[in-house]
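Here is how the chains run, residue by residue.
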Amino acid sequence: PAPSVSWEAETLSSFKRQLKKAVVWRSREDMIVKQLTDMSDRLPPLSKFGRGFRLDRWQKEVLRWVDRRRSVIVSAPTSSGKTIISTYVASLGRQIKAPTDEERHEANEMLQNARRAAAAGEELEEIDEADLFPEHDGGAVTNRVLFVVPTEPLVWQVAAHFSRHLLQGDVALITSQMKYSPNRSRTEPPAVVVGTPLALESSMTKIRGLVRFNEARGEIDRGELPGGFNHFAWVVYDEIHSLDDQDQGEALQRLIRQLNSNFLALSATVGNAEEMRTWLENVKGQHVDAALINATPE
């Protein structure tokens with residue numbers, strides 16, 4: 001009698017041709033680029049193939065607080081749906097608001113003062129739109145978002161996903177190895193900036209008055225961000241307690257102290273949101289006014 005063939009061997013024989021094609025395809029692809037860039041929207045929990053999904057009550061509550069422009073601290077288990085709410089905050093970077101009448105009045109006064117000083121022969125510093133409308137691009141303000149993640153692979157995945165599917169490329173990516181910003185202005189960052197704490201701190205800290213060669217020529221360096229911590233309406237702190245590296249953890253604490261924006265703080269490792277607020281208050285050295293959400297997935 002013929003020797004029996006195992007189920008595994010039969011399966012291998014049946015798909016031999018497909019397996020050969022897969023091996024050839026795999027040898028031609030850079031799997032890091034394929035997974036973190038080309039397939040950023042296919043990796044859980046960002047997969048676009050899920051259907052019939054609905055928000056849990058705790059997610060709806062978080063989004064209501066965000067719409068009211070109030071900071072939120074969320075304690076939620078892993079894979080409970082934190083990505084949905086952090087992506088919603090990032091999407092605010094697309095929203096444009098016109099300057100208020102008061103801002104326009106202040107801008108006109110600045111211009112009038114500049115004209116009077118020029119007529120009197122005084123030497124003036126150059127005034128640009130960033131002086132007239134702080135955090136504005138061409139007379140409109142954006143809800144710029146700083147997105148802080150604990151690891152560099154997450155920087156690549158999150159930035160690729162936002163750039164391709166949410167913000168049409170208006171996303172900066174900051175790691176220790178590379179900095180890229182689709183700058184349209186020398187004075188303002190793009191809609192969303194994604195990075196690790198240490199890399200972000202390095203990019204955002206700029207010596208005042210320092211003018212590099214390309215800046216003096218009016219060129220834009222896509223490897224640099226405008227200095228300062230006041231460009232952002234929102235900050236997302238993703239898994240803020242998962243930073244085991246001492247340097248990253250210390251950089252995160254310095255960012256928290258410097259940034260006064262509304263924030264969304266997310267953690268799966270802290271027992272409750274009140275404990276996380278206590279930690280944030282110890283870091284900032286002041287009371288933290290934020291809604292507290294202890295997620296209960298449905």
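The numbers attached to residues start from 1 for each chain and follow its sequence in the written order. Per-residue local features of the predicted model are confined to residues with pLDDT of at least 70, and side-chain atom pairs are confined, for both listing and counting, to 80 or more; whole-chain, interface and lining totals are unaffected and use all residues. Calculated side-chain values reflect all of the structure's heavy atoms, with hydrogen atoms and water omitted.

A. Spotlight on the overall build of the protein. Strands are runs of DSSP state E lasting at least two residues, helices are runs of H or I lasting at least four, and both sets are numbered from the N terminus onward. Within the protein, the secondary structure is distributed over 12 helices and 11 strands. Relative accessibility decides the category of a residue: with a 1.4 Å probe and only protein chains considered, values under 20% of the type maximum give buried, values over 50% give exposed, and everything between is partly exposed. Counting the 298 residues in the protein, one finds 41% classified as buried. For the protein, contacts bridging at least 24 residues in sequence account for 72% of all contacts bridging at least 6. In short, Shrake-Rupley with a 1.4 Å probe defines the accessible areas, and a residue's cover is counted only from the protein chains shown. Carbon together with sulfur atoms contributes 51% to the accessible area of the protein, which is approximately 17500 Å² in total. Between two residues, a contact is recorded if the distance between any of their heavy atoms is within 4.5 Å.

B. Seen up close, the pattern of salt bridges. Here, a salt bridge means any side-chain nitrogen of Lys or Arg that lies within 4 Å of a carboxyl oxygen of Asp or Glu. With the rule as written, the count across this model stands at 4 salt bridges. Glu239 is paired through a salt bridge with Lys82; the nearest N and O atoms lie 3.6 Å apart. On the criterion of sequence distance, the pair formed by Glu239 in the loop between strand 9 (234-237) and helix 11 (246-258) and Lys82 in helix 5 (residues 82-91) is long-range, its members being 157 residues apart. The exposure classification of Glu239 matches that of Lys82, with both residues buried. The partner of Arg254 in a salt bridge is Glu201, and the shortest N-O contact between them spans 2.5 Å. Here Glu201 lies in helix 9 (residues 197-204) and Arg254 lies in helix 11, a separation of 53 residues in the sequence. Since its relative accessible area comes to 16%, Glu201 is described here as buried.

C. Inspection of the nonpolar core at higher detail. Working definition of a nonpolar core: buried Ala, Val, Leu, Ile, Met, Phe, Trp, Tyr and Cys residues. They are joined through side-chain atoms within 4.5 Å. Core analysis: the biggest nonpolar cluster contains 33 residues, and Val62, Val74, Phe147, Phe162, Val192, Val194 and Leu264 have the highest contact counts within it. With residues up to four places along the chain from it excluded, the contact list for Val194 reads Phe147, Val149, Val155, Val158, Ala159, Phe162, Val171, Ala172, Leu173, Ile174 and Leu200. Ala172, Ile256, Ala273 and Val283 belong to the second largest nonpolar core, which has 28 residues in total.

D. Highlighting unusual backbone geometry. Non-glycine residue Arg69 carries a positive phi angle of around 60°. Tracing the backbone shows Arg69 in the loop between helix 4 (57-67) and strand 1 (72-75). Arg69 gets classed as partly exposed once you look at its relative accessible area, which sits at 35%.

E. Seen up close, helix 9. Of all 8 residues in helix 9, 6 are buried, a share of seventy percent or more. Of the positions making up helix 9, those classed as buried are Pro197, Ala199, Leu200, Glu201, Ser203 and Met204. Check the buried side of helix 9 and you find it contacts strand 5 (145-148), strand 6 (171-174), strand 7 (179-180), strand 8 (192-195) and helix 11.

F. Quick peek at the packing of aromatic side chains. Stacked, edge-to-face and tilted labels apply to pairs of Phe, Tyr and Trp rings (six-membered ring for Trp) whose centres lie within 6.5 Å, assigned for plane angles under 30 degrees, over 60, and everything in between, in that order. Going through the model one piece at a time under the given rule, you end up with 2 aromatic pairs. Centre to centre, the rings of Phe147 and Phe162 are 5.3 Å apart; their planes meet at 75°, and the pair counts as edge-to-face. Note that Phe147 is positioned in strand 5 and Phe162 in helix 8 (residues 152-165), a separation of 15 residues in sequence. An identical accessibility class is assigned to Phe147 and Phe162; each is buried. Here the aromatic rings of Tyr237 and Phe263 are separated by 6.2 Å at their centres, their planes lie at 55°, and the arrangement is tilted. Taken together, the positions of Tyr237 in strand 9 and Phe263 in strand 10 (residues 262-267) put the pair 26 residues apart, joining distant regions of the chain. Accessibility assignment for this pair places Tyr237 and Phe263 in one class, buried. Two thresholds decide whether a charge sits over a ring: the Lys NZ or Arg CZ must be within 6 Å of the ring centre and within 35 degrees of the ring normal. A cation sits over an aromatic face here: Arg68 above Trp65, 5.1 Å from the ring centre. Above the plane of the ring of Trp65 lies Arg70, whose end atom (NZ or CZ) is 4.9 Å from the centre.

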